[in-house]
Amino acid sequence: MKAYAKANIFLKLIGFDKRSYHLLKSRFILIEDLFDELLIINQKTQEGFELISDFVCENNIIKKAYNLLCDYGYKNELEEFFKNQSLKLIKNIPTCAGLGGGSSDAASFLLMMNEKLNLKIPKEKLINLSLQLGSDIAFFLSGCKSANVSGCGEIIEEFHDDIPNLKFTFPEIHCHTKEVYEQFDKISFNFSKNFEEANNYEKLSTKELLENFDNLKLNDLFTPCVILYPKMEEYLINGFFLSGSGSSVFKVEK
């Protein structure tokens, strides 16, 4: 199963929720030519659920998704399924790049298990369940290719978009989301103004957004990203747009 990347065309921060998590408004689009792959293979080197991958991550979100389904009542089905099989992850989406690779992997695993084990979990229930793992997973479960996203990332409204050809660049810079958001909090921003701008952006197509607004205007995290990772300034100066908290950047391909 393919786990597609996503890009943020705009990302405006508009306040905090009761948990002090950042509230946002954003346009998410699916990047259909960049994806991780999840495969079921007949290979086993250990008992229980086994994730085989060249990508090493101590707290891999796929394992968290497996445990979540077990806790939700499907432990027996999952243990039986993975008794003689393993899950292989082929990692192609750069990490710490603002592309949602981990969230997409988790979403694809949930969809794969729902289908292969015939769990019949409705999409809305699966989305609500996934919020225990992370807000961005909701977009990947929604099936949307383009959507206006709000809340902490869990509110998805499909958008019928006009998306130009985008050329992505993946700097070898690991931008840590938590640190970028913390740096944002040190900068003076007008949440009311951000909210008004975001309401306007939500009505426009991706093509219109990229033609009429500059990179700093569209993504509130570009400034804190450059402060923390000075090498990103080159992309800011040269008119690239930033996805999420970085470091992936893109331009419209002419």
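(A) Examining the layout of surface pockets more closely. One number sums up the size of the largest pocket: a volume of about 1400 Å³. Secondary structure elements with two or more residues in the lining of the largest pocket: strand E1 (2-16), strand E2 (22-41), helix H1 (61-81), helix H2 (101-116) and helix H5 (177-185). The element best represented in the lining of the largest pocket is H5, accounting for 5 residues. A breakdown of the residues in the lining of the largest pocket according to their chemical character gives 19 nonpolar, 17 polar and 9 charged. Considered as a void within the structure, the second largest pocket measures approximately 220 Å³ in volume. Taken together, Ile29, Leu30, Ile31, Glu32, Asp33, Lys145, Ile163, Pro164, Asn165, Leu166 and Phe168 form the lining of the second largest pocket. Elements supplying a minimum of two residues to the lining of the second largest pocket: E2 and strand E7 (166-169). No other element matches E2, which puts 5 residues into the lining of the second largest pocket. For the lining of the second largest pocket, the per-class residue count stands at 7 nonpolar, 1 polar and 3 charged.

(B) Structural context of the pairing of strand E9 (residues 249-252). Of the pairings in the sheet, the one linking E7 to E9 comprises 4 bridges and is antiparallel in character. Bridge pairing links Leu166 to Val252 in E9. Both strand E8 (residues 241-242) and E9 contribute to a ladder of 2 bridges, which runs antiparallel. The residue of E9 that forms the bridge with Leu242 is Val249.

(C) Fine view of helix H3 (residues 123-130). Taken as a whole, H3 has its buried residues at Leu126, Ile127, Leu129 and Ser130. Angular distribution of buried residues about the axis of H3 spans 160°; they occupy a single face of the element. Summarising the contacts, the buried residues of H3 are in contact with H1, H2 and helix H4 (137-142).

(D) Representation of the nonpolar core in the model. Formed by 58 residues in total, the largest nonpolar core has its most connected members in Leu69, Leu78, Phe82, Leu87, Phe109, Met113 and Met232. Element by element, the count of residues in this core is highest for H1, at 10 residues. Setting aside residues up to four positions removed in sequence, Met232 forms contacts with Pro171, Ile173, Phe222, Cys225, Val226, Leu242, Ser247 and Val249. If you look at the next biggest cluster of nonpolar residues, it comprises 19 residues, including Ala5, Ile9, Tyr201 and Phe250.

(E) Representation of the pattern of salt bridges. Scanning all chains against the criterion turns up 13 salt bridges. Taking the shortest distance from any N to any O, the salt bridge between Glu197 and Lys12 comes out at 3.0 Å. One end of the pair, Glu197, is in helix H6 (residues 191-201); the other, Lys12, is in strand E1, and 185 residues separate them in sequence. Among the residues examined, Glu197 registers a relative accessible area of 13% and is labelled buried. The class for Lys12 is buried, based on a relative accessible area of 3%. Salt bridges linked by common partners bring Lys12, Glu197, Lys217 and Asp220 together as one network.

Quick notes on the rules
- Residues numbered from 1 in each chain as written.
- Predicted model: local features only at pLDDT ≥ 70, side-chain atom pairs only at ≥ 80, totals over all residues.
- Heavy atoms only, no water.
- 1 Å grid on protein atoms, 1.4 Å probe; cavity = no way out; pocket = protein on both sides within 12 Å on 5 of 7 lines; lining within 4 Å.
- Points joined across faces, edges and corners; volume = space filled by probe spheres on them.
- Helix = DSSP H or I, 4+ residues; strand = E, 2+ residues; numbered from the N terminus.
- Nonpolar A, V, L, I, M, F, W, Y, C, P; charged D, E, K, R; others polar.
- Pairing = 2+ DSSP bridges.
- Buried < 20%, exposed > 50% of the residue type's maximum accessible area, 1.4 Å probe, protein only.
- Arc of directions from axis to C-beta.
- Contact = heavy atoms within 4.5 Å.
- Core = buried A, V, L, I, M, F, W, Y, C linked by side-chain atoms within 4.5 Å.
- Salt bridge = Lys/Arg side-chain N within 4 Å of Asp/Glu carboxyl O.

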